[in-house]
Structure formats: structure tokens, C-alpha cells
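Overview (structure and organization)
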Amino acid sequence: MTPSFSPSFALRQIATVVVYLAACASVPAWSTTKHSRAATHGHAHKVPSKAVRQVSGPHFGATPQIVALAHELAEQHKLPIDWVRQQLSNARQLPGVPKMVMPPPVNVPKNWRAYRERFIEPRRIDAGVQFWKTYDSPLQRAQQTYGVPAEMIVGIIGVETFYGQHKGNYRVLDALTTLALNFPAAHPRAAERQAFFKSELGHFLVQMRQQAPGTAPITGSFAGAMGWPQFMPSSWAKFAVDFDGDGRIDLLNSPVDAIGSVANYFKAFGWQTGMPTHYPVKFDEARLDKPSLLAPDILPSFSVSNFMAKGAVLDNDAQQHTGPLALVELFNGDDAPSYVAGTENFYVVTRYNWSSYYALAVIELGQAVAEQMGR
Ligand SMILES: [Ca+2]
């Protein structure tokens, strides 16, 4: 996804810890829902070649600002101050990055169909089929271990990084230090976002400290999201797992660790095995109360009977649903919006990245790959 994306969270306290995973390669920033007050995870516009063209700028140096930040993060994470100071002084300022986290101009109309076409397209579906065939066994194992269907994992990794092709070329230390210190003041939630990146930088330093000496610098999106699943450092710390059993967690080079980690993330956010993500929905105009239906946004809030009493029309399968539903509205530019009835599992997908457009793209890409696989 393009700049200034915001994954997010309903549960505020978890939000600070978790979220902001992804950094899909090309999702327009408008795709975030109005719930997205929390993070940004950057969706670097990825370079579609495999060439590692690292972005660079001048060193920060041992400025008073850097020294103060080093003290704060060293204390918070119980890291040696000299080491932290050295890392941060050696970080490079990335002049282009701050503007990439700015929200899009408000006059850019959201367009689900256009968004969808970027992800549910033959090249990405073919790459998904290849990925599924290659990792069928770990995908099955993840499904058994965490209760999350293979197609959801395949959908996430496909939308995030085109199956490992677009993992981002920014040195994560540079990106996070830049956003922690030079966050654009013009951003509507500048203080909150800057604090978020500072916190992520702290988690990242812990991760760096654990690396073997001489390891190449970790690269990721312009917002610091890393590896096949584009996990932010705090999510890596909390949800990443060693799923290939080699004794270490490596989301940069191990697609199998990424598979287990995505499934673990979904499970941690309440994925319910066997529950659909959404149902088709129509309207009975005579009793339609769309403002009420849309008021909770993507948070599932209506029982089936309440949902229908307010004018939503559900098919037989959906009428058997026992949990709460949300009316999810997706704009199509100047055309009529699309709607689906989102379940709690739809909501779980939006915990990966706070956007209903993102969630539906993940779901539909996974389904398209599954169909192609004959699953
Ligand atoms: Ca591993």
C-alpha cells in the first residue's frame, strides 16, 4: 500500500503493542477506514524488481536529539546506552520518508473496484498458486495449529509482498529513526504517530541487538514493516513464531516462519475457525435505516435480526449466522458503493491493517488462489 496507511485496532491498549503490520506494496492510502486512528504502516511503493536499491541519506550523528532518544530507548528496553547511541548516530536520515506517511488529499475518491484490480489479477494469483503449491504442507500445518485457513494466509502474504517479491528496500533502522525524529508536524495525528514510530524503533533495537555480529542490515518498507508478512517490530516481538523449526524466527528469509506468524497473529486477534468473513447483503429500501447500520463502521455490532430489522437483506446462510455483523461500505468512485455483511472474522482481518478495502482484497485474493488450486 502506498504511503500513510494505517492498520489499526479497536482495542486501544493492544493497539499500541501490536498492530501495524503490513506494508503492502501498493494500497492507496484512502483504503483505511475511519477507524484507523492508530498506525501507519507504510506501504512502501515497492520497486518491482528484485534489485536491492537501498534508500539513503546523511547520518544523524550524535546530536543532542539523538543522544536524548538513545537514553530514552536504552532505559526503556534495558539496552546498553553506548550501543544504542552508536546505532542511532549511524542511522541515516531519509528525506523522502516523512512525506510518505502523510494522509492522502481528501479529494481522492475511494474506489474499491480499482483497488481490487491491483491485487486480484492474474500475475498475483499465479504467484499465489505457486506459493501454495510450494508451501502446501506448512500451510496445512498452520491451519491445524492455529485454525486459520490456508487461503487467508495466502491472501495476506500476496497482498503484503506479492509472495516475497516486494519486501521493501529501506533500512529499517533509518526509516524508524527518521520517523521517530522527523515525523511531519502537519500530519493530523503527528504526536500519536511519532510516538508509535519511536516505540517501534525501541522494539527494533532489541531485535538488532539479538542479531549475530556482521549480519546485514534489516530492510523493509519505508515505515519499518519487515519480511514476507511485513510485520512491524512490536508485532514481530509479540506474534512471530519459528514455524520451520530451525530454532530462530526469520520473517525475512523464511516463508514458513511467515506462514506460522500470520496464522498466529490472526489467532491472537480472535479468529474463529469455520466462521465466514462476510456475506452478501442487499437492502429493503422500504425499511432501510442505513445511517444506523453504518454507524458502528466495521465493528460487528448487529445481531442478524437487528440487522434485518434495519433493512439489510441476507441470504439463507447469513441468516444462520450466530455472531454480530457489520455493514461494510466500500466506495466505487462515482458509482454506487459495494456492501458486504462483515463478521467478527472480517474484523480480525482488519486488525492486520485497518482497512475494509485491504481486508476484502486479502480475502478475495485468497479465494481466487484457492479456486485456481481447485480447493
Ligand atoms: Ca525459523
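As a reminder, the structure under discussion sits directly above these lines.
Residues numbered from 1 in each chain as written. Predicted model: local features only at pLDDT ≥ 70, side-chain atom pairs only at ≥ 80, totals over all residues.

1. Observations concerning the overall build of the chain
Across its full length, the chain carries 17 helices and six strands. Of the contacts formed within the chain by residues at least 6 apart in sequence, a portion of 74% connects residues at least 24 apart. (Helix = DSSP H or I, 4+ residues; strand = E, 2+ residues; numbered from the N terminus. Contact = placed C-beta atoms within 7 Å.)

2. Looking at the pairing of strand β5 (residues 326-332)
The side chains of a regular strand alternate between the sheet's two faces. As defined by bridge partners, β5 adjoins strand β6 (residues 335-342) across six bridges and the pair is classed as antiparallel. Each residue of the ladder has a partner; that of Val-328, found in β6, is Val-340. Between β5 and β6, which pair antiparallel and follow one another directly, the connecting turn spans two residues, one of which, Gly-333, has a positive phi of 60°. (Pairing = 2+ DSSP bridges.)

3. Remarks on the sheet that holds strand β3 (residues 278-283)
If you trace the four strands from one edge of the open sheet to the other, you get β4-β3-β6-β5, paired in antiparallel fashion. In the strand order of this sheet, the two ends are held by β4 (312-314) and β5, each with one partner. Along the sheet, successive strands turn relative to each other by an average axial angle of 45°, direction set aside. (Axes fitted to C-alpha atoms, helices over the stretch in contact; angles between N-to-C directions.)

4. What about unusual backbone geometry?
At Phe-162, a residue that is not glycine, the phi angle is positive and equals roughly 55°. Turning to its location among the elements, Phe-162 is positioned in the loop between α8 (150-161) and β1 (170-171). With 21 C-beta atoms packed within 10 Å, Phe-162 lands in the buried category. One non-glycine residue, Asp-297, lies in positive phi territory at about 55°. Mapped onto the elements, Asp-297 comes out in the loop between α13 (290-294) and α14 (304-309). (Buried ≥ 20, exposed ≤ 12 C-beta atoms within 10 Å, placed from the backbone.)

5. Concerning helix α17 (residues 356-372)
Taking 1.5 Å per residue as the helical rise, α17 with its 17 residues ought to reach 24 Å, and the 24 Å between its terminal C-alpha atoms agrees with that figure. Of all the 17 residues making up α17, twelve are buried; the element is thus mostly covered by neighbouring parts of the structure. Buried within α17 we find Ser-356, Tyr-357, Tyr-358, Ala-359, Leu-360, Ala-361, Val-362, Ile-363, Leu-365, Gly-366, Ala-368 and Val-369. Against the buried residues of α17 lie α5 (112-119), α6 (122-134), α8, β5, β6 and α16 (344-352). Downstream of α17 by a residue or two, Gly-374 has a phi angle that is positive, lying close to 70°. (Expected span 1.5 Å × (residues − 1).)

6. Examining the nonpolar core
Membership of the largest hydrophobic core comes to 100 residues, with the highest contact counts inside it found for Ile-153, Ile-259, Phe-266 and Ala-361. Here this core takes ten residues from α17, the largest share from any one element. Looking at which domains feed residues into this core, each of domain 1 (1-57 + 92-271 + 351-375) and domain 2 (278-342) gives three or more. The residues contacting Phe-266, other than those within four sequence positions of it, are Tyr-146, Val-148, Met-152, Trp-271 and Val-348. (Core = buried A, V, L, I, M, F, W, Y, C linked by C-beta atoms within 7 Å. Domains from an automatic or database assignment.)

7. Topic: the packing of α8 against helix α12 (residues 255-268)
The relative placement of two packed helices is expressed as an angle between their axes plus a distance between the axes. Between α8 and α12, the least distance of the axes is 10 Å, while the angle of their chain directions is 110°. Our classification of the angle between α8 and α12 gives roughly perpendicular. The segment α8 lies against α12, with Met-152, Ile-153, Ile-156 and Ile-157 engaging Ala-258, Ile-259, Val-262, Ala-263 and Phe-266. Its residues assigned to classes, the contact of α8 with α12 comprises nine nonpolar, no polar and no charged. (Parallel < 35°, antiparallel > 145°, perpendicular 65-115°, else oblique. Nonpolar A, V, L, I, M, F, W, Y, C, P; charged D, E, K, R; others polar.)

8. A short note on helix α10 (residues 190-210)
Given a rise of 1.5 Å per residue, 21 residues ought to cover 30 Å, and the 30 Å separating the end C-alpha atoms of α10 matches this to within 8%. Along α10, the residues that are buried comprise Arg-193, Phe-196, Phe-197, Glu-200, Leu-201, Gly-202, His-203, Phe-204 and Leu-205. Check the buried side of α10 and you find it contacts α2 (64-77), α3 (81-90), α9 (172-181) and α11 (233-239).

9. Some words on the environment of Val-172
Here Val-172 shows up in helix α9. A residue is classified by how many C-beta atoms lie within 10 Å of it, and Val-172, with 26 of them, is buried. Between the C-alpha atoms of Val-172 and Ala-225, which are 53 residues apart in sequence, the distance is 7.7 Å. Filtering out sequence-adjacent residues up to four positions away, Val-172 remains in contact with Phe-204, Ile-218, Thr-219, Gly-220, Gly-224 and Met-226.

10. A closer look at the pairing of β3
As judged from the three bridges shared by β3 and β6, these two strands associate in the antiparallel manner. The residue bridging Tyr-279 from the neighbouring strand is Ala-341, located in β6. When β3 meets β4, the two strands line up antiparallel, connected through three bridges. Along β4, the bridge assignment pairs Phe-283 with Ala-312.

11. Points about the environment of Gln-320
The topology assignment puts Gln-320 in the loop between α15 (316-319) and β5. Residue Gln-320 is classed as exposed on the basis of its 10 C-beta neighbours within 10 Å. When the C-alpha atoms of Gln-320 and Val-304 are compared, they prove to be 8.2 Å apart, with 16 residues separating the residues in sequence.

12. As for the environment of Ala-68
Mapped onto the secondary structure, Ala-68 falls in helix α2. You can call Ala-68 exposed: it has 11 C-beta atoms within 10 Å. Taking the C-alpha atoms as reference points, Ala-68 and Arg-85, 17 residues apart in sequence, are found 9.0 Å from one another.

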